[in-house]
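Residues per chain are reported as follows:
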Amino acid sequence: MSRALQPDEELVELDAEAVRTWCARAFDALGREREEIDAINVYPVADGDTGTNLYLTAEAAHQAVEAVFAASGPDTAETVRAMAHGALLGARGNSGTILSQLLRGMATVLADGRDGEHLARAFAEAARAARQAVAHPVEGTILTVASAAAEACAAGGTLVEVARGAYEGAATALTATSGQLDVLERAGVVDAGGRGLVAVLGALLETVTGQTPDHPGTAPLPPAAPREKCAGEDGPAYEVIYLLEADDAAVALLRSRLDALGESLVVVGGDGLWNVHVHVDDAGAAVEAGVEAGRPHRIRITHFASDATPAPGRDTARGAGSDTGERYGTDDGYGHRYGTGDGYAYACGAADDEARGERAARAIVAVVPGEGLAGLCAEAGATTVRARPGEPPAEDELVEAVRRAHAREVVLLPNDTDLRETAAAAAERVRAEGVRVALIPTRAAVQGIAALAVHEPGRRFDEDVVAMTAAAGATRYAELAVAEHRSFTSAGVCQAGDVLGLIEGDVAVIGEDLTETARTVLDRMLSAGGELVTLVVADDAPPGLAADLERHVRSAHLAVDTVTYHAGAEAPPLLIGVE
C-alpha cells in the first residue's frame, strides 16, 4: 500500500501510487499528532477537536483512495479526485472542511499533470480555492499557512524541490501564526489547523523523497491560557455541518443567508455537491436555509457547551430519535446532542391545557389535506389545519391554530410550497405575542409526516427543529392528479382527464391509468435510491391501488419498505414520499 523508495531515490512524477502513499501517510501523521493538535486548538472556538477533525477528514480521503484501488487500477487523475471527494464527504469541523477544499483545488491541477510544475500550480490553486470558500478569511490560520506553502514553491522546479519548498514555507508560516492572532499569542500556541496542514505536507515530502522531514513546532510551548479566557467562547452556541446537493446559484444565495446568521462560514465543493460549515446560535435556521437551497444530508450539530463529545458512531439519542437518526441523515455518528433533561411536555391536548390555563411546553401545528391525515397527525399530538381543494388556509386560520395549540414553543408545518409566505406571516404575528415559533418549510404532506415522525419533545427546541427539518428535507415527494383541461406541461401536452405524475412539484409523467402512472413515478423516484416509501391514498382512488403499489415496490425494489396511510376525502388521489 505504501511505496518505499530506495536510498537516494526521489520521485520525478506524482503518479497514482504516490498519491495513494501520500494519502496513507497523511492519515498516519494526523493520527500521531491528533492529541497535540487538539491541545493547541483555541481558534475559532476553543473546543479542542481540530486534530480529531483533521484526522477524520484524512481518514475519509484515505478510505476513498483505497476504494478506487480495490475496484481498479486508477490513474493519477482518478486517485487525486477520489482523495478530494472522500475528504469532501467526510470533512469535519472548520479546519477539516478547509483541508477538503485544499485537496479539491490540488486535484483540479494534478489531474492534468504530475510533475513539479503542476504540483506548484496545484498548491497555488489550493490556496486560492480555500480562501474563496471562507466567507471572511483571517490571517494566522490554516489559510495563511496554505498561502505561504504556495508562495514558497511558486517558481516551480522538480517534484522534490516543489514539495520541499511548500513544506518549509508552510512550517515557517506556522511559527509566525502565534503572533498574528491575539488568541494564539495569549495561549502561547501556533494555529492548530495550520499545524495539521504542515503534517499533511510533511507526508507529501516524505513520499517524494523517502526521508522523514524535521518535525516543526516540537519545541516546548509556553503554558496555554485557561480555556475560559480564550476567544471564541462567547461566540455562537452551535456548529452546523451538512452535505448539500444544490446548484451554484442556490449555493451563492445560501452563503449570503448563512453569513448573516453566524460566523466561521465555510462552503466547499462544487459540481452539485457541497460541504457546508457554520457557527450559529439558531441551528434550525441554518439547516432550514440548506433545505431551501437544495437537499442537505449527513447533518451534524455540535453544541459547543457540551461537556463531552461522544465517539463517532456512539448512539446518544433516546427513544424514537435513535431509530430515525440514520434514516433521515441526522445520525448521532455525526455528532448530534439530544438533550433529555429540559423538562418538555408532549403537547397532545391543547384544549386540556387551555382549561388548566397553562401553556404546554411545545406543540406541532400541521396543515393537512384530507380528514384521514388530520386524524393521523392529531393522534401524533399535532394541532391540525385542514386544506381543502382550492381553499388553502388563510393567515388568520394559521394564527388561530397556533393560539389553539397553547404552547410556549410551536413548530409550524405548512406542507405546501404555496403556503410558505402565508405561514411565515402567521409565525411573525404569533412571535409578537411571545410564542417561540419555528417554521419548517415542508412542501408536501409526506414531508410533514416524516418531520412529525422524528419529533422528540424531550430534545432542546433547536435540536428538535433541526431533526424535523432534516427528516423533511430527506423526503422526496410526488403527487398524482387528474388534469382538468388541456395544458402544456414540463412533460409535454396533457389532455383533460389525463393522469399527471408530479415529482417535487413538476409534471414528470403523463398517463392514462392512475395505477400505471403511479408505478412509473415510483420507479423514477427510487432510481435515485430510497429506504422507505410512504403512500397516502384518498378515498376516491381506485380500489386496490395501495396493495398494487406495495407489491410493485416489493418485487422491483427489494430493500425498500412501504407504509400506507389513508387521507380520507377531499385529498389528492395519491401522495408519495421516498426517504
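Before reading on, note that the structure itself is shown above.
Residues numbered from 1 in each chain as written. Predicted model: local features only at pLDDT ≥ 70, side-chain atom pairs only at ≥ 80, totals over all residues. Heavy atoms only, no water.

> I'd like a rundown of unusual backbone geometry, residues and numbers included.
Of the consecutive residues tyrosine 43 and proline 44, the connecting peptide bond is found in the cis state with omega at 0°. Within the secondary structure, proline 44 sits in the loop between helix H1 (16-39) and helix H2 (50-71). Even without being glycine, histidine 406 reaches a positive phi, approximately 55°. Along the chain, histidine 406 falls in the loop between helix H15 (395-405) and strand E7 (407-413). Here histidine 406 falls in the buried class, since its relative accessible area comes to 17%. (Helix = DSSP H or I, 4+ residues; strand = E, 2+ residues; numbered from the N terminus. Buried < 20%, exposed > 50% of the residue type's maximum accessible area, 1.4 Å probe, protein only.)

> Can you tell me about the packing of H1 against helix H3 (residues 76-90), naming the residues and giving the values?
One way to put it is that H1 packs onto H3 with a least axis distance of 8 Å and a crossing angle of 20°. When the axis of H1 is compared with that of H3, the two are roughly parallel. Classified by chirality, the crossing of H3 by H1 is left-handed. Contacts from Ala16, Val19, Arg20, Trp22 and Cys23 in H1 reach Thr76, Thr79, Val80 and Met83 in H3. Looking at side-chain class alone, the contact of H1 with H3 contains 6 nonpolar, 2 polar and 1 charged residues. (Axes fitted to C-alpha atoms, helices over the stretch in contact; angles between N-to-C directions. Parallel < 35°, antiparallel > 145°, perpendicular 65-115°, else oblique. Left-handed = near helix turned anticlockwise from the far one by under 90°. Contact = heavy atoms within 4.5 Å. Nonpolar A, V, L, I, M, F, W, Y, C, P; charged D, E, K, R; others polar.)

> Any chance you could break down the pairing of strand E6 (residues 382-386) for me, citing the residues and the numbers?
Burial analysis of E6 places 4 of its 5 residues in the buried class, which makes it a mostly covered element. In terms of strand pairing, strand E5 (residues 360-368) meets E6 through 5 bridges, oriented parallel. The partner of valine 367 across the bridge, within E6, is valine 385. (Pairing = 2+ DSSP bridges.)

> So what about the sheet that holds E7? Which residues, and what values?
The strands making up a sheet are joined through hydrogen bonds of the backbone, oriented either antiparallel or parallel. Read across the open sheet, the 4 strands follow the order E6-E5-E7-E8; overall the sheet is parallel. Pairing within the sheet leaves two strands with one partner each, and these edge strands are E6 and strand E8 (436-439). Sheet twist, expressed as the mean angle between neighbouring strand axes with direction ignored, is 20°. Note that E7 and E8 share 4 bridges and pair parallel. By the bridge assignment for E8, valine 411 is matched with alanine 438. Strands in contact with helix H14 (residues 371-379) are E5 and E6; relative to E6, the strand with the most contacts, it is inclined by about 165°.

> Tell me what's going on with empty space enclosed by the protein, and back it up with residues and numbers.
One pass over the full model with this rule turns up 5 cavities of 30 Å³ or more. Estimated volume of the largest cavity: approximately 90 Å³. The wall of the largest cavity is formed by Trp22, Leu99, Leu102, Leu103, Met106, Phe123, Ala126, Ala146, Ala149, Leu197, Val200 and Leu201. Elements that contribute at least two residues to the lining of the largest cavity include exactly helix H4 (93-110), helix H5 (116-133), helix H6 (142-152) and helix H9 (192-209). Counting residues per element, the lining of the largest cavity draws most heavily on H4, which supplies 4 residues. (1 Å grid on protein atoms, 1.4 Å probe; cavity = no way out; pocket = protein on both sides within 12 Å on 5 of 7 lines; lining within 4 Å. Points joined across faces, edges and corners; volume = space filled by probe spheres on them.)

> Summarise the nonpolar core; cite the residues concerned and give the values.
In terms of nonpolar packing, the biggest core is built from 76 residues, with Trp22, Leu119, Phe123 and Val208 touching the most fellow members. Aside from chain neighbours lying at most four places away, what touches leucine 119 is Met106, Leu110, Leu159, Val162, Ala163 and Leu204. Core analysis: the second largest hydrophobic core is formed by 31 residues, Val368, Leu373, Ala445 and Leu452 among them. (Core = buried A, V, L, I, M, F, W, Y, C linked by side-chain atoms within 4.5 Å.)

> With reference to specific residues and values, describe the environment of aspartate 464.
Structurally, the position occupied by aspartate 464 is in helix H18 (residues 461-473). It is 9.2 Å that separates the C-alpha atoms of aspartate 464 and valine 411, two residues lying 53 residues apart in sequence. What aspartate 464 contacts, discounting residues up to four positions off in sequence, is Arg362, Val454, His455, Glu456 and Arg459.

> Got a sec to walk through H3? Specific residues and values, please.
An α-helix turns once per 3.6 residues; consequently, residues spaced three or four apart project the same way. Spanning 15 residues, H3 covers 21 Å between terminal C-alpha atoms, matching the ideal 21 Å at 1.5 Å per step. The buried count for H3 comes to 11 of 15 residues, which makes it a mostly enclosed element. Thr76, Ala77, Thr79, Val80, Ala82, Met83, Ala84, Gly86, Ala87, Leu88 and Gly90 are the residues of H3 that are buried. The inward-facing, buried residues of H3 contact H1, H2, H4, strand E1 (238-245), strand E2 (262-270) and strand E3 (273-280). (Expected span 1.5 Å × (residues − 1).)

> So what's going on with the pattern of salt bridges? Residues and values would help.
A complete count under the given rule lists 28 salt bridges for this structure. Between arginine 195 and glutamate 33 there is a salt bridge whose closest N-O contact spans 3.3 Å. One end of the pair, arginine 195, is in helix H9; the other, glutamate 33, is in helix H1, and 162 residues separate them in sequence. Both residues of the pair, arginine 195 and glutamate 33, count as buried. A salt bridge links glutamate 463 to arginine 460; the nearest nitrogen and oxygen atoms lie 3.6 Å apart. Look at arginine 460 and you get partly exposed, because its relative accessible area is 29%. Taken together, the salt bridges that share partners define one network made up of Arg362, Glu409, Arg436, Arg459, Asp462 and Asp464. (Salt bridge = Lys/Arg side-chain N within 4 Å of Asp/Glu carboxyl O.)

> Describe the sheet that holds strand E16 (residues 574-578), naming the residues involved and giving the relevant values.
Reading across the sheet, the 6 strands line up as E13-E12-E9-E16-E14-E15 and stay open at both edges, with mixed pairing between neighbours. Strand pairing shows two members of the sheet lacking a second neighbour, strand E13 (506-511) and strand E15 (561-568), which therefore form its edges. Mean inter-strand twist for the sheet, computed between neighbouring axes without regard to direction, equals 20°. Bridging between strand E14 (residues 532-538) and E15 involves 7 bridges; their strand directions are parallel. Across the sheet, the residue bridging to threonine 534 is valine 563, located in E15. Set on the sheet, helix H20 (residues 545-556) makes contact with E14, E15 and E16; between it and E14 the angle comes to about 165°.

> Kindly report on the packing of aromatic side chains, identifying the contributing residues and their values.
By the definition in use, this model includes 1 aromatic pair. Above the plane of the ring of phenylalanine 69 lies arginine 20, whose end atom (NZ or CZ) is 4.3 Å from the centre. (Phe/Tyr/Trp six-rings, centres within 6.5 Å; stacked < 30°, edge-to-face > 60°. Lys NZ or Arg CZ within 6 Å of the ring centre and 35° of its normal.)

> Would you mind going over the layout of surface pockets in detail, with residue names and values included?
Here the largest pocket is characterised by a volume of approximately 1000 Å³. Around the largest pocket, the lining comprises 40 residues; the ones closest to its centre are Asp416, Asp418, Glu479, Pro572 and Leu575. Put simply, the parts of the chain that give the lining of the largest pocket at least two residues each are E5, helix H17 (445-453), strand E9 (476-482), strand E12 (499-503) and E16. Residue contributions to the lining of the largest pocket peak at 6 residues, all from E9. Class assignment for the residues of the lining of the largest pocket results in 26 nonpolar, 6 polar and 8 charged.

In short, shape yes, function no, at least from these values alone.
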